[in-house]
Every structure is written in C-alpha cells, then in structure tokens.
Amino acid sequence: MATLELINVTKRFGSTEVVRDVNLSIRTGEFFVFVGPSGCGKSTILRMMAGLESVSSGEIRIDGTAINDKPAAERGFAMVFQSYSLYPHMTVRQNLAFGLENIGTARPEINRRIEETARLLRIDSYLDRRPKALSGGQRQRAAIGRAVVREPAMFLFDEPLSNLDPELRVAMRIEIGTIHARLGNTMIYVTHDQLEAMSMADRICVLRDGQVEQIGAPLDLYNRPANRFVAGFIGNPRMNFLDAKIEKIESNGVQVVVEGVAPIFVLADAGDLRPGDPVTLGIRPQAVEVQQGTGLDFIVEATEQLGVESYIYGELVKGSKLIIQQRGQTPVTRGQRIKISLHPRFCHLFRTSPGEPALEPVEQRPLVTAAQ
Amino acid sequence: MNSLLTFVSRRRGTHGSLHWTDWVSYAYLCLGTIAMLWPVAWLVLSSFKSEGQLQDFPASVMPYSQVKVDVAGMQDQLPLFNVKTTDGTVTQMVQIRRVGITAEMAFPNEPGRTIEVNIDQRQPVTETKFAWGNYRDLFHSSDFVGYAWNSIFITAMSTIIVLFVNSLAAFALSKYEFRGRSTAYVLSIATLMIPPTIVLVPLFLVVNQLGLLNTPWGIILPGAATPAGVFLLRQYMLTIPDDLLDAARLDAASEWKIYWRIVLPLAAPALAVLAVFAIVWRWNDFLWPLIVLTRDDQFTLQLALNSYQGEPQMQWSSILAMTVLTLLPIACVFTFLQRYIQTGIAETGIR
Amino acid sequence: MAALQKRVGRRAMPWLFLLPNFILFAVFAFLPLALDLVYALTGGDQLSLSSRPFIGGENFSSLLSCGNYLDPTTCERDLFWRSLFNTLLFVVVQVTAMVLIALTTALILNRNLRARGFFRSLVFFPVMLSPVVVALIWKWMLLRQGVFNAWLENVGIAPIDWLSSPNWAFFWAVLVSIWAHVGFYVLILLAGLQAIPRDIYEAADMDATGRWRKLTRITLPLLWPNLLVVIVLALIRGVQTFDEVYVLTGGGPGSATKLIVQFIYETGFATQPRLYGLAAAASVCLAVLLIGLTLAQLRANRRPVNE
Ligand SMILES: Nc1ncnc2c1ncn2[C@@H]1O[C@H](COP(=O)(O)OP(=O)(O)O)[C@@H](O)[C@H]1O
Ligand SMILES: [Mg+2]
C-alpha cells in the first residue's frame, strides 16, 4: 500500500501537449476517479501511472520515490481495460494465471489465489471457458479478476464499464464498490461519465484538455464548482448558464440582472468585480421552481415526462434557454407561459473573462453551503 | 436427370427460371471444367498404365489389364481373347501357347480341344485395372526417396524459418512505435521489387561465398525473408488490439513472451495462410534450385523431374508416377486449406 | 529472453525482432542488387569479384549492338534479341488472352449460379501446381503419340509434332502458361466484382437498366482499377516466365520459345564459359523493364475508384 504522487507531470506526443502540468496526490486505500470529456488525457495519465507510457516531464512518485523509469511489470499495479483485453486464446483460468506465472509464483499458490478470486467475483462456474463464450458482464468480471488475483498495490481502471448496457453498469458499479471495501486497495478509476464518478469516488479529479480543473470530494465539486467548466460537467441535467450583469453589490451577496428579467439576488462574494461587469449566472435545473402567480416569465418549448420527475425546456427571455427539473409530474404543455422563480441559495456566479473560455467563480464558497 | 435439371435451373437464392445467359454461362463453365480437369485426370490415369500400355496409340482412357481365367488342368491362369472365327462370329477363347503369328487357342471349358488362330484374328479381353507398379518401382528406387526427402526438408525448414523470421519482423513493425519504423517497413516491402530473376548472378556469388552451393540451405535462406510474408502478417497483427499487449506488460510478461504467448497464437489465421504460401513456394521452386543444386543427390523432386524428362531414354511410366507424387502434397494442401488460400490471395494479391 | 530484454532495454527490442529479417534481406536481396551492377561492368568467366577485370559498358554494348534491330540475326548477341522478341510477343499474347479469359470467367462466376465455389476452386487449382508439373502434364498430352494426336486421328487429321514446330511450340507455351495462371487473376477480379455494392445494381434495376448496359456502364467501370492491377501484375510475371516454358519446350525448337530469363540462366549458368557479366547485364535490362512495370503498378494501385 502506498501513496501515489504526480508532480508537474506533462505528456507530449510529438509537439502536442496532451497532459499539462498535473499535480496531485492519491492516498492509500482511496477510490480516486479521473473524469472529463473524452480526449482530455485521462487514459494517458493512467497509462503513465501504469508505466505503459513514458512521462515527458515531471515525476510520478510512490511513497516519495520517483518511478518514472520503472517498467510496468515492476510497479505492482494491475489494470482493467475498457475493452476487457482478456487474452482471447486462453481460458479465464489461464488468463488469471498468466501474470502470476510470469512472476514465477508457485503453482499451488496460483491455484489458491485463482480459487479465492473466482469466489470473490463469482466467476467460478466459467473459469474454464474462453472469453468468447462469456457475456459482457462475465468478461468484465473476469477482467477484474485478472487484476485482483495479482494482489496489486493499486488497481487502475480505464472506463471499465462503458461497454456494458446501462442496467449492468449500475450493478457492476456497486460490485466494484464492494470489492474496494473488501480489499481496501487504492483504486484509480477513469471515466467520462460524471454519474459514475459521483457515485463511486472518494475523491474526483476533473480534467479538461490535459489540465486539472478541480480535485475534491463528489459533493464539493457539486456544491462548490471551481469554475464554469466543472459546474457544467458535474450534475445531470447540466447546470443552466445565463448571461448577466452585476447591478448592485451588498455585504451578503450580489444583485444581478439578466437582460429583460427582474433582478436576481445571489449569495456570493463579488471579489474585485464592480457593478456593471458582465458575469455568468449558473443555476441547477433542480433549483428552478414553477410558481403560481408572480415570478419570472417562462415560455415552455418542450416537456419530458419521466413519471417520477419531469423536465421542462424553454426560454426565460429571447435567447436565454433554461432547463427546469421538477419532482413528479407536471401539467404544463408546449407553448404555455408560466411563472418561475430561481432559488438564490442554489445560484452560482462565474466570471466572464473575454478570450478565456473558462469562467472562474466569483466566490469559491457560495453562502448556501456555508450555512449548512 | 430431371431433378438434376431442376436443381441446376433453380438459381441460388432466387426462384424463377433461367435466362439464356445462364445457359451460356453453364456451357462456358462446363467447357472450362473439362479444360482444367482433363489434363490432370489424364496424367493420373496414365500414371497407372504400364510402360507397354503407354506406347498404345491411340491410348485407352482407363488403365487396363488382360483378363486371365482359370482353366481346368492348367497350372497358370490363361489370357482370354475375343476370337473372330471363320464364319464371322466372335467368341471368347483362352490362349494355350503362341507360335509365331499363330496361336493355339481353346475354349475355357474344354481346354483339350485346341484350334490354331492367326493372331490378327483375336483381340485381348481387357478389364479396367490400376497398376501400382510404377509407384512401387519409384519407392524402391533410392533416388526417388532421396529427392522426396530433399524436397520435404527444404520445404519444411523454409516454412518454419519464414514463419518465424517474418512474424518477428511483422510484430516489430505493427506493435511498436520507434524512430525509423516506417523506413524499416518501406525497406522490407521494397524487396518485393527485387525478384530473384534479376539477381541470379550475384545471388549465386553470395551463396557460393557462404558455402551453401549444393546444400539445401542455399535454397532455404535466400527465400526466408519474404516481403510478402511480412506484409501479410503485419496487416493481420495491426488488428490485434494494443490493449492486449499492455495487459500482458502489466502481467509482467517480457516483450518476447508477448510475442510468443500472445501475438503469435492470435495471428494463427494469418500464419496459416503464410504457411500455405511458403509450402507452395518452396515445394514448387525451380529456377533457383536449378542453379544452386547441381549434384543430383541434392536434387529436389522438381529438379529430378526436369532431369528425367530431358534424358534421351526417358521412361514416361516413372516420370508420370513421379509427377503425380509431386503434385500430391500440393493437391492435399489445396483441398484442405483452399478457403484460407483463396481469401488470402483475394485480400492481399500475393502469391 | 527476459534477461536479454533487461540487458538491451525494452526500446531496443523491436530492433532485435527486426534483425533476422533484415540480415536476410540485406544479404540475399540488397547486396545482390548492388553486385548486379558490379558484375555487369566486369568481364571474364570468373565468379569471384577480385579476378574480374573492369570493362565498363562492354557487356551492355555487346548485348545491345545490332546491325538492324528488327532482325536478330544481325545482332552480336542474336540469342539475346531473339529471347527479347520472344518475351515481348509472349507477354503481349499471353497477357491479352489471359486477362480476357479471366475477366469472362470472373464475370460468369460472379453470377448467381449453382456450384460457384466448385468452379472457382477448379480454375484456381492449377495455380498451386508447380510449373514443372504443369509442363509435364501438357508435354505428355502433346507427344507425337499423345492424346491430342489421338483425337486428331479420330477426326481424320494427320498427327502433328506439336513441340517440334516453332509456331505450335510457341502457341502451346502461351496456352500452358495461361492454363497455369489464369485462376489467380480470376480470383482477384472476382474479389473486385464482389466488392461492388449490391445496392448499385438494385438502383440500376429500379432504373430498368438492361443487362448489357449494367455490364458496360456499371460493372466494368467499377472493376477498372482491379483490371488495371491485374494487367500490370500479369505483365510483371509474364516478363519473368521461365519454368514451365523451359520444361515444356526447352526453349526450342531452335530458339523459338527461348525467353529472356532462359537467356540469362543459360548465359550465366548452363554454358561454358560462364559469362556472368553478360548475364548480369541482361538482368539489369530485365530489371529496368520490371521497374517500369512496377511503377505502372503503383500508379494503378493509387488510382481512386471514382475518378
Ligand atoms: N499514442 C498517441 N499518439 C498521439 N496522440 C495520442 C496518443 N494517445 C493519445 N493521444 C491523444 O492524446 C489525447 C488524450 O488521449 P486519451 O488520454 O486517450 O484521452 P481520454 O482517455 O481522456 O479519452 C487525445 O487527443 C489523443 O488523440
Ligand atoms: Mg480513454
């Protein structure tokens, strides 16, 4: 068991930088998730940790010692690949045994470990089948088994569930969680699915274009997104973003206006911003409420009724699209004009810096969470 | 016959009757079948005829032998003939003995009563019979066994080396990123443009300098690094996912082990295609062995056939049998592996 | 092996894997290619390079000097010119006929016929046979006492000495090599035909296109790139023909069926003194021809389908 540190890690393929200056530290026994859109460099980071890819600059350390030049085999990590990558010409048993044979484990020990792993993952009944004869879920289990059987210091998962159908994905998510609880090893997990990240992680690292955007516990990221990117990435449906202007700055918050809409008061710290500065108002769909009587005008364009909840799509004013998530079922229909209100406690403000796509939050700690 | 007609005239998959072009197609294919099959069939049939029968003109289609029957009171079986008697009828009689142009003949059931018959008046009664004599003689001649052994040794060795050397190169070219990889690949493929026919003289020097003249290795080694093989295997290995290799690396497998335990087994279909090609290439090789192997104890079957057929007092009976035996392994390979071969060729245009 | 990897490092492993192949390539392909020129520019009948005097372009001028280029008898090396002429004639006739037959056969085999696979295997079968076997199969039928003459006699024609008449010998050389190789080209063309999407034909059917029009306006244009490849491949192989013709006719009668490779073989290896330089010079001429054809092939390969 060991802590893993990345110090200023950068990876270049030719002249393109795919991973830029990543710094982080993963604690022993932690379930650590990298999440980000595809192509952002998650796999590359994982593969550098595994020793499958060289590090262009910076250091990867285990317990303080750099392991940049250590071959993959000697790092004591095990990896589960997206496409399972079970050796197709070997049975599940042979797949599990292959790595142990390579490091010269004694036959009885190999057998013991395979039995144990098979019981843990419930793959005993198809140990002697080839991967081709297994279903997707069974293959996934076998692939995890191949990692578990090596008793590695750390598990690396690269989008292991993305080839499974949604139902199975949920089941496997829980199962991997159980295995983590049972074994207690460090697990490093890569996914592009924020839901997976939120549901499994102890801590999450959000990546964009090879750079770390924010590291933190799932709810930290949800409640206090460090910037507009993280805010948009975490949470489903996506956070709504509206262009706004600061109208008035008060001691406990900021009053902003969205053009053509009544002023909105947000519990946030304006920092160095002045009245009249443009900002982006972020509000989660759950924080918008449909009201009877007074409120902001909203024109419904479409609705999705899912039974337990419903989504309302529409326009606040011309050009300001909004998604509203409502508990239960709603009677509104397309074209209808309704009144809504925004919960000031669930509003976020982001800085609009021209030229920079990323918007920074005005206030790292919206007062709503401070109040909790 | 009727059902055959309906079988043929029903098109695959569709119903409906035949267009005239279908009939023309079938006619063409039938002619083609005869043109392709007859020469080989004639060779095989002829190889079962004795040297005497091979001199027949016109020859009979099937190999035959004269019918002999038991006759009461005679120790040996006697040959049976159709005899044209003076009144023009034809009867079957056995020949007791022959004296000059007349033969002493008798009816099989009354051997005591003999008649003299002019030998022009009788025709031997024959039955189709395959004579294995030509083949037996071949196997009893130590020469043939030696040639066969040379051919087998060259083919087997060459195939193993081709598979090994080419698959290693293809592995490096398909599964590693390294500086100079594309140059290395282009260089390998460029040798496709150096057919042996244009480097005969200097290749002869090289083989001579290496002391390989009149040894099987003089054939095996120059043919071992086949660009076509590298190409074919590389194309196939590109389809093996890289993740599999990475998984093996994390499983502490050395690069050699990855090649030997992962890539090679997975490339088996392509290796099979290349193996078939390699077998056919070396087994059928002619020009280069003709130059390198000049001592006839080193001859391959192809060389032996060539030298036999060039001799003034050539014996077609043994040449024919030897030809059949030479094409037999290839025919077997073809029969069992033709799927592989045909898709291999269709996909790569190599042969 | 694992120890070796420890020694040289993982990055060197691919080079190690390439090594055996490259040694073989270097020794048996690239080195000889370079030596080809050395031989062509030196004289004498010695094999070892050190005992061969440099004579410059003499071998080439000897090969190429001719009183009248259309009449081989006026050339210094009349056999070279005869074999060159023979090769060109052989290639033109053989490739034309073979490609036409291959195309017809492929078109027919591409139809929705019964027993297609059987017929396909049948035309392909001789491709696998050794040239020596092929030549002997036909030689046996073409004997004076052979089965062809027996058939002729049946219809009342006097037997012909097929392989003793220059024209007949040439004819049979061409025919036998077509018989032996046509299946290969059928297979390539068939693959090309089967790569033409079905729905194009379905669209044509919707447009009430006739059979002949479908052939000339859809099939043949779409097959053209494959056809081009086949033609060039057949040319490249045709120019190098040796085995089956050599065994069938020995180049005879006289030199009526002697092809260029046979000239090289006989000049360098089968006659005394062994004129290695001359043979190498002839090889270089052949190489030039082949390089031209190979470049044509590369161009044919690159040609896009929808041009
Ligand atoms: N071997 C490589 N050579 C060049 N570019 C690569 C290589 N591997 C990955 N990349 C590039 O690096 C970026 C990050 O890739 P990756 O780490 O696989 O993303 P992710 O796993 O987050 O989807 C991508 O833009 C990809 O195109
Ligand atoms: Mg990835």
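Residues numbered from 1 in each chain as written. Chains lettered and ligands numbered in written order. Predicted model: local features only at pLDDT ≥ 70, side-chain atom pairs only at ≥ 80, totals over all residues. Heavy atoms only, no water.

Caption draft 1: Quick look at the UniProt feature "transmembrane region" (unreviewed entry) in chain C. All names here are of chain C. Within this numbering scheme, the UniProt entry marks residues 12-35, 88-109, 121-141, 169-197, 218-236 and 275-296 as carrying the feature "transmembrane region" (unreviewed entry). For residues 169-197, the helix share is 90%, the strand share is 0%, and the end-to-end C-alpha distance is 44 Å. Along residues 275-296 one finds 95% helix and 0% strand; the C-alpha atoms at either end are 32 Å apart. (UniProt positions renumbered as here; feature names shortened; annotations may be inferred. Helix = DSSP H or I, 4+ residues; strand = E, 2+ residues; numbered from the N terminus.)

Caption draft 2: Main features of the domain arrangement of chain A. Residue and element names in this part refer to chain A. With domains assigned, chain A is organised as domain 1 (4-223) and domain 2 (229-350). On a C-alpha basis, the centres of domain 1 and domain 2 stand 39 Å from each other. In this complex, domain 1 contributes 14 residues to the contact, which on the side of domain 2 involves nine residues. In total, domain 1 and domain 2 occlude about 1,000 Å² of area from one another, counting both sides; carbon and sulfur atoms represent 72% of this. Of all residues in domain 1, the largest losses of buried area upon contact with domain 2 belong to Gln194, Val206 and Tyr222, amounting jointly to 52% of the total for that side. Applying the counting rule to domain 1 against domain 2 returns zero salt bridges. Here domain 1 is connected to domain 2 by three residue pairs in polar contact (both at pLDDT 80 or more). Class assignment of the residues belonging to the side of domain 1 that touches domain 2 gives a composition of seven nonpolar, five polar and two charged. (Domains from an automatic or database assignment. Contact = heavy atoms within 4.5 Å. Buried area = accessible area lost by both parts, 1.4 Å probe. Salt bridge = Lys/Arg side-chain N within 4 Å of Asp/Glu carboxyl O. Polar contact = N/O pair within 3.5 Å; in protein donor to acceptor, adjacent residues only side chain to side chain. Nonpolar A, V, L, I, M, F, W, Y, C, P; charged D, E, K, R; others polar.)

Caption draft 3: Focus on the environment of A:Arg150. With respect to the helices and strands, the residue A:Arg150 is situated in the loop between α4 (136-148) and β7 (154-158). A C-alpha to C-alpha distance of 16 Å links A:Arg150 and A:Ser85, two positions 65 residues apart in sequence. With sequence-adjacent residues up to four places away left out, A:Arg150 is seen in contact with A:Ala73, A:Phe77, A:Gly99, A:Leu100, A:Arg113, B:Leu250 and B:Asp251.

Caption draft 4: Spotlight on the interface of chain A and chain B. Contacts between the two partners involve 23 residues from chain A, matched on the other side by 15 residues from chain B. Between chain A and chain B, the buried area comes to about 1,600 Å², and carbon and sulfur atoms account for 63% of it. On the surface where chain A and chain B come into contact, there are two salt bridges. Between the two partners, chain A and chain B, sit nine residue pairs in polar contact (both at pLDDT 80 or more). At the level of elements, α1 (42-50), β6 (77-80) and α2 (92-102) of chain A are the ones that each hand at least two residues to the side of chain A that touches chain B. A per-element tally of the side of chain A that touches chain B places α2(A) first, with five residues. For the side of chain A that touches chain B, the class distribution of residues is 13 nonpolar, six polar and four charged.

Caption draft 5: Quick peek at the packing of aromatic side chains. Within this structure, the stated rule accounts for 55 aromatic pairs over all chains. Both rings, one in C:Trp138 and one in C:Phe148, keep their centres 6.3 Å apart while their planes meet at 20 degrees; by these two values the pair is stacked. Residue C:Trp138 is found in helix α6 (residues 131-142), and its partner C:Phe148 is found in helix α7 (residues 147-154); the two are separated by 10 residues along the sequence. For C:Phe148, a relative accessible area of 16% corresponds to the buried category. On the basis of an interplanar angle of 20 degrees and a centroid distance of 4.8 Å, the ring pair of C:Phe242 and C:Tyr246 is categorised as stacked. Summarising the burial analysis for this pair, C:Phe242 and C:Tyr246 share the class buried. Of the aromatic side chains, those joined through ring pairs into one cluster are B:Trp38, B:Trp42, C:Trp138, C:Phe148, C:Trp151, C:Trp162, C:Trp168, C:Phe171, C:Trp172 and C:Trp179. Lying across the ring of A:Tyr87, A:Arg146 places its NZ or CZ 4.8 Å from the centre. When the ring centre of A:Phe241 is taken as origin, the NZ or CZ atom of A:Arg228, which lies over that ring, is 4.3 Å away. (Phe/Tyr/Trp six-rings, centres within 6.5 Å; stacked < 30°, edge-to-face > 60°. Buried < 20%, exposed > 50% of the residue type's maximum accessible area, 1.4 Å probe, protein only. Lys NZ or Arg CZ within 6 Å of the ring centre and 35° of its normal.)

Caption draft 6: Focus on the packing of helix α5 (residues 142-175) of chain B against helix α11 (residues 255-266) of chain B. Residues and elements named next belong to chain B. It is the contact of α5 with α11, at a shortest axis distance of 11 Å, that shows an interaxial angle of 105 degrees. When the axes of α5 and α11 are compared, the pair comes out roughly perpendicular. For the pair α5 and α11, the contacting residues are Phe164, Ser167, Leu168 and Phe171 in the first and Glu255, Trp256, Ile258, Tyr259, Val263 and Leu264 in the second. For the contact of α5 with α11, the class distribution of residues is eight nonpolar, one polar and one charged. (Axes fitted to C-alpha atoms, helices over the stretch in contact; angles between N-to-C directions. Parallel < 35°, antiparallel > 145°, perpendicular 65-115°, else oblique.)

Caption draft 7: Region of the structure containing a nonpolar patch on the surface. A grouping of B:Leu192, B:Met193, C:Ile291, C:Leu295 and C:Leu298 is seen on the molecular surface, where their side chains present a nonpolar patch of about 460 Å² in accessible area. You can see B:Met193 is positioned in the loop between α6 (181-190) and α7 (200-209). (Patch = residues over 30% accessible without salt bridge, like charges linked within 9 Å, V, L, I, M, F, W, Y side chains within 5 Å. Areas by Shrake-Rupley, 256 points an atom, 1.4 Å probe, with all protein chains shown as cover.)

Caption draft 8: Geometry of the site of ligand 1. Residue and element names in this part refer to chain A. The environment of ligand 1 is formed by Phe13, Val18, Ser38, Gly39, Cys40, Gly41, Lys42, Ser43 and Thr44. Lys42 has a polar backbone atom sitting 2.9 Å from an oxygen atom of ligand 1. A distance of 2.5 Å is found between an oxygen atom of ligand 1 and a side-chain nitrogen or oxygen belonging to Ser43. Ranked by the residues each element gives to the shell around ligand 1, the list is headed by α1, at three residues. The residue makeup of the shell around ligand 1, split by class, is three nonpolar, five polar and one charged. (Near = heavy atom within 4 Å.)

Caption draft 9: Inspection of the UniProt feature "domain: ABC transporter" (unreviewed entry) in chain A at higher detail. Mapped onto the present numbering, the UniProt feature "domain: ABC transporter" (unreviewed entry) falls at residues 4-234 of chain A. Measuring from the first to the last C-alpha atom of residues 4-234 of chain A gives 25 Å, for a span that is 37% helix and 26% strand.

Caption draft 10: Geometry of the nonpolar core. Of all hydrophobic cores here, the largest spans 239 residues; its most connected members are A:Leu4, A:Phe34, A:Met49 and C:Trp138. Sort the elements by how many residues they give to this core and helix α8 (residues 166-194) of chain C lands first, with 17 residues. By size, the runner-up hydrophobic cluster in this structure holds 45 residues, among which are A:Val35, A:Ile114, A:Leu127 and A:Phe229. (Core = buried A, V, L, I, M, F, W, Y, C linked by side-chain atoms within 4.5 Å.)

Caption draft 11: Region of the structure containing the interface of chain C and chain B. Taken together, the contact pairs 97 residues of chain C with 98 residues of chain B. Among the residues chain C hides against chain B, the three largest losses belong to C:Phe17, C:Arg114 and C:Trp140. Together they make up 10% of the total. Our count for the contact surface shared by chain C and chain B stands at zero salt bridges. Viewed at the interface, chain B and chain C are joined by nine residue pairs in polar contact (both at pLDDT 80 or more). It is helix α2 (residues 13-40) of chain C that provides the largest number of residues to the side of chain C that touches chain B, a total of 20 residues.

Caption draft 12: Region of the structure containing the UniProt feature "domain: ABC transmembrane type-1" (unreviewed entry) in chain C. With numbering aligned to this structure, UniProt lists the feature "domain: ABC transmembrane type-1" (unreviewed entry) at residues 84-297 of chain C. Between the end C-alpha atoms of residues 84-297 of chain C the distance is 22 Å, and the span holds 78% helix and 0% strand.

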